[in-house]
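Breakdown of the fold
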Amino acid sequence: MRDVYVAGVGMIRFGRYRDRDVPDLGGEALLLALDDAGLALRDVELLAAGSLFQANAMVGQRILQQVGQTGIPVVNVANACATGSTAFREAWLAVASGEHEVAVAVGVEQMGKMGLLGGGGGSGVRTEGVLGSGLMPAVFGQAGMEHMRRHGTTQAQFAKVAVKNHRHSTKNPLSQYQVEVSLDEVLNARMVAYPNTLYMCCPTGDGAAAAVVVSAAKARQLGAGVKVLASVLTSDPWSERDLTLPDVNTLTRSAAARAYERAGVGPEDLDLVELHDCFATAELLHYENLGLCAEGEAGRLIDTGETAQGGRVPVNVSGGLLSKGHPLGATGVANIFEVAQHLRGRAGARQVNGAKVGLAHVIGLGSACTINILGV
Amino acid sequence: MSEAPGRRPIVPFLRLPADGEPYLAGQRCTACGAVFLGRRLACGRCTARGPFEEIRLSRTGKLWVYSIVHQSSPDVPVPYVAAIVDLPEGVSVRCSLIDVPPDPAALSFGMPVEMTTGVSQQDREGNDVVAFYFRPVRREARDA
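No experiment lies behind these values; they were computed from the predicted model shown.

What follows covers helix H5 (residues 155–169) of chain A. Residues and elements named next belong to chain A. Spanning 15 residues, H5 covers 22 Å between terminal C-alpha atoms, matching the ideal 21 Å at 1.5 Å per step. Within H5, twelve of the 15 residues are buried, leaving the element largely enclosed by the surrounding structure. Listed as buried for H5 are Gln155, Gln157, Phe158, Ala159, Val161, Ala162, Val163, Lys164, Asn165, His166, His168 and Ser169.

Printed below as a string of structure tokens:
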């Protein structure tokens, strides 16, 4: 495989865009990324488009209808919440394989106020609330309870994740929410699915992000220095309860092991991490899954403040999914955007100073995991 | 052709014998022993293409973890306890836990639970849809 560089990134503020549509949002992000790279649409040799709820609607082609129909190959990708990051990996593969010099990944989603995912069902027979819950808040509530059961983690420790990420988001102008909340406010907020209260659940929303990846030769021409050190995708292997309580840990651990090996770095080398905090409970699980702390130490790690801005390994300085937002297909490319901005010293008020290596992690339930490690 | 409305299980692996207690049926891989709810073409753990043997799963198990759902899809009454129950045959079940307050103080990891069934709703054809639930094992039953 050839070396691949991120030459440009673009992202629109996550939020609600009632008067716009998916190709329009995705097209805007694509143009921002091209401008950032200093490239034109005619330079692009492949487009990988990730959009979950319009997965069958040729989103990539419709984006090109917005920005320029050059006849290039387009792949449309769906992989649950890992949709955008899977699209990024497709673009990476297209360049790494030697087939293309310039490829673009776009992640885009328009959720509106669709509310919680997974309700209803086609059979006319309701299972939600009858056979437990298949809704994400409950699933990640249960995943957090597993950590509580095994390690004695407390609800307050999970809540601290929400406090941290909401505080981080106040420095990110592209974040859907930019409001600080106190620990008391988090704990006393409306309960969604124990132990996660409202502020411990990511919002729904609309958004788009794009990344341009190029070969080493092209990167030299453009003066692009952010290298993709590893791009890894895993699915869930068999594990004890995976079919009833999706196991988000095992596939993250296998992806992390492979990514660290490929990149030639370890968790101690990371200057920042954007990980999949769809719910506050999830973030603590992934501290251990990514090796940011020892087994069972995640609660202690959030207590120490080491994962906050200015700490040893800042996690989700963008505000994370909890506050920046989680327009499903956009998320995986948005965290590439975030890491690339820090590595180039362009993250503004939230800049992690001197960042050289950053990791972006995404989980799509069902399950898919991507880990991308970027470095300068 | 229309049949007289009857009753049907909410999932195929819930069995409702006419002359006995309802039970959950597992498919056990004869190569590695892994147990699944519902049919598999090959074993998810060892990839052997079977054969699978159907086993009758225990009606009692232990609470692995839970969440208490306070906000759900429209028309779903809240709160409810969404649980993962481990059965002794080595398979876990996603279910609702009933006959217990929706309160962490009333729930403990590893607590013994037992299966029960009830009509959850009618389907479009007017059949009673029978669901399974788990509930705490009653003290007198435990002592017996």
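A word on the interface of chain A and chain B. Chain A puts 36 residues into the contact, and the matching count from chain B is 43 residues. For the chain A face of the interface with chain B, the top three residues by lost area are Leu131(A), Arg149(A) and Trp238(A), together amounting to 21%. Between chain A and chain B we count one salt bridge in total. Residue Asp86(B) pairs with Arg241(A) through a salt bridge whose shortest N-O separation is 2.7 Å. Taken together, the links from chain A to chain B amount to 16 residue pairs in polar contact (both at pLDDT 80 or more). At nine residues, the largest contribution of residues to the side of chain A that touches chain B is made by helix H4 (residues 136–151) of chain A. For the side of chain A that touches chain B, the class distribution of residues is 16 nonpolar, 13 polar and seven charged.

Moving on: the packing of aromatic side chains. If you walk through the whole model with that rule in mind, you get six aromatic pairs over all chains. Look at Tyr194(A) and Tyr66(B): their rings are 6.5 Å apart centre to centre, the planes differ by 5 degrees, and that puts the pair in the stacked class. Pair noted here: Tyr194(A) is in the loop between strand S5 (191–193) and strand S6 (196–197) and Tyr66(B) is in strand S6 (residues 60–69), and the two residues belong to different chains. Here Tyr66(B) and Phe109(B) contribute two aromatic rings whose centre-to-centre distance is 6.1 Å and whose plane-to-plane angle is 35 degrees, an arrangement assigned as tilted. Placement of Tyr66(B) in strand S6 and of Phe109(B) in the loop between strand S8 (91–97) and strand S9 (112–122) is noted, with a sequence separation of 43 residues between them. The ring of Trp64(B) carries the charged tip of Arg241(A) above its face, separated from the ring centre by 3.6 Å. The side chain of Arg56(B) reaches across the aromatic face of Tyr23(B), ending 4.1 Å from its centre.

Attention shifts here to the sheet that holds strand S4 (residues 102–110) of chain A. Residue and element names in this part refer to chain A. Read across the open sheet, the nine strands follow the order S3-S2-S4-S7-S1-S8-S11-S10-S9; overall the sheet is mixed. The open sheet has two edge strands, strand S3 (74–77) and strand S9 (272–274), and neither has a second partner. Here the strands of the sheet are splayed against their neighbours by 25 degrees on average, with no regard to which way each runs. Contacts from helix H2 (residues 59–67) reach strand S2 (46–50), S3 and S4, with the element oriented near 125 degrees to S3.

Quick look at the pattern of salt bridges now. Evaluated as defined, the whole model comprises 22 salt bridges over all chains. For Lys324(A), the salt bridge identified is with Glu274(A), shortest N-O distance 3.9 Å. Placement of the pair is Lys324(A) in helix H11 (residues 320–324) and Glu274(A) in strand S9, with a sequence separation of 50 residues. Residue class for Glu274(A) comes out buried when judged on its relative accessible area of 2%. Glu53(B) is paired through a salt bridge with Arg28(B); the nearest N and O atoms lie 2.7 Å apart. Here Glu53(B), found in strand S5 (residues 52–56), pairs with Arg28(B), found in strand S3 (residues 23–29); they are 25 residues apart in sequence, far enough to count as distant. The partly exposed category is assigned to Glu53(B), whose relative accessible area is 34%. Residues joined in a network through salt bridges with shared partners are Arg20(A), Asp24(A) and Glu28(A).

Moving on, we get to the environment of Gly126(B). Within the secondary structure layout, Gly126(B) lies in the loop between S9 and strand S10 (128–136). Considered as a pair, Gly126(B) and Glu21(B) are 105 residues apart in the sequence and their alpha carbons are 23 Å apart.

Moving on, we come to the environment of Gln71(B). Assignment of secondary structure puts Gln71(B) in the loop between S6 and strand S7 (80–87). The exposure class assigned to Gln71(B) is partly exposed, which follows from its relative accessible area of 27%. C-alpha of Gln71(B) to C-alpha of Asn127(B): the two residues are 56 residues apart in sequence and 28 Å apart in space. There is a polar contact of 2.5 Å between the side chain of Gln71(B) and the side chain of Arg190(A).

Turning next to helix H12 (residues 328–343) of chain A. Residues and elements named next belong to chain A. Taking 1.5 Å as the rise per residue, H12 with 16 residues should run 22 Å; its terminal C-alpha atoms sit 24 Å apart, in good agreement. The buried count for H12 comes to 16 of 16 residues, which makes it a mostly enclosed element. Gly345 lies just past H12 and shows a positive phi near 70 degrees.

Grouped together as the largest cluster of nonpolar side chains are 93 residues, with contacts concentrated most on Tyr287(A), Ile373(A), Leu24(B), Phe132(B) and Phe134(B). When near neighbours in sequence (up to four residues on either side) are disregarded, Leu24(B) contacts Phe13(B), Leu14(B), Ile55(B), Arg56(B), Leu57(B), Leu87(B), Val93(B), Met115(B), Phe132(B) and Phe134(B). The next biggest cluster of nonpolar side chains, apart from the first, holds 37 residues, and it includes Ala94(A), Val228(A), Leu272(A) and Leu374(A).

Right, let's talk about the side chain of Thr244(A) for a bit. Within the element layout of this structure, Thr244(A) appears in the loop between strand S8 (226–235) and helix H8 (250–263). Overall, the relative accessible area of 8% leaves Thr244(A) in the buried class. Looking at Thr244(A), its side chain comes within polar contact range of the side chain of Ser92(B), at 2.4 Å. Each residue touching Thr244(A), except ones within four places of it in the same chain, is listed here: Ile84(B), Ser92(B), Val93(B) and Arg94(B).

This brings us to the pairing of strand S7 (residues 206–215) of chain A. Residues and elements named next belong to chain A. Most of S7 is tucked away, with ten of its ten residues classed as buried. Judged from the seven bridges that link them, strand S1 (residues 4–11) and S7 form a sheet pairing that is antiparallel. Across the sheet, the residue bridging to Met11 is Ala209, located in S7. With nine bridges connecting them, S4 and S7 associate as antiparallel partners.

Residues and elements named next belong to chain A. Where H4 meets helix H9 (residues 280–289), the closest approach of the two axes is 8 Å, and the angle between their N-to-C directions is 50 degrees. Of the possible angle classes, the one that applies to H4 and H9 is oblique. Between H4 and H9 lies a crossing of left-handed hand. Residue-level inspection shows Phe140, Gly141, Ala143, Gly144, His147 and His151 of H4 in contact with H9, the latter providing Thr281, Ala282, Leu285 and Glu288. Grouping the amino acids of the contact of H4 with H9 by side-chain chemistry returns four nonpolar, five polar and one charged.

Rules and cut-offs
Residues numbered from 1 in each chain as written. Chains lettered and ligands numbered in written order. Predicted model: local features only at pLDDT ≥ 70, side-chain atom pairs only at ≥ 80, totals over all residues. Heavy atoms only, no water. Helix = DSSP H or I, 4+ residues; strand = E, 2+ residues; numbered from the N terminus. Expected span 1.5 Å × (residues − 1). Buried < 20%, exposed > 50% of the residue type's maximum accessible area, 1.4 Å probe, protein only. Contact = heavy atoms within 4.5 Å. Buried area = accessible area lost by both parts, 1.4 Å probe. Salt bridge = Lys/Arg side-chain N within 4 Å of Asp/Glu carboxyl O. Polar contact = N/O pair within 3.5 Å; in protein donor to acceptor, adjacent residues only side chain to side chain. Nonpolar A, V, L, I, M, F, W, Y, C, P; charged D, E, K, R; others polar. Phe/Tyr/Trp six-rings, centres within 6.5 Å; stacked < 30°, edge-to-face > 60°. Lys NZ or Arg CZ within 6 Å of the ring centre and 35° of its normal. Pairing = 2+ DSSP bridges. Axes fitted to C-alpha atoms, helices over the stretch in contact; angles between N-to-C directions. Core = buried A, V, L, I, M, F, W, Y, C linked by side-chain atoms within 4.5 Å. Parallel < 35°, antiparallel > 145°, perpendicular 65-115°, else oblique. Left-handed = near helix turned anticlockwise from the far one by under 90°.

These results come straight from atomic positions and should not be treated as a statement about function.
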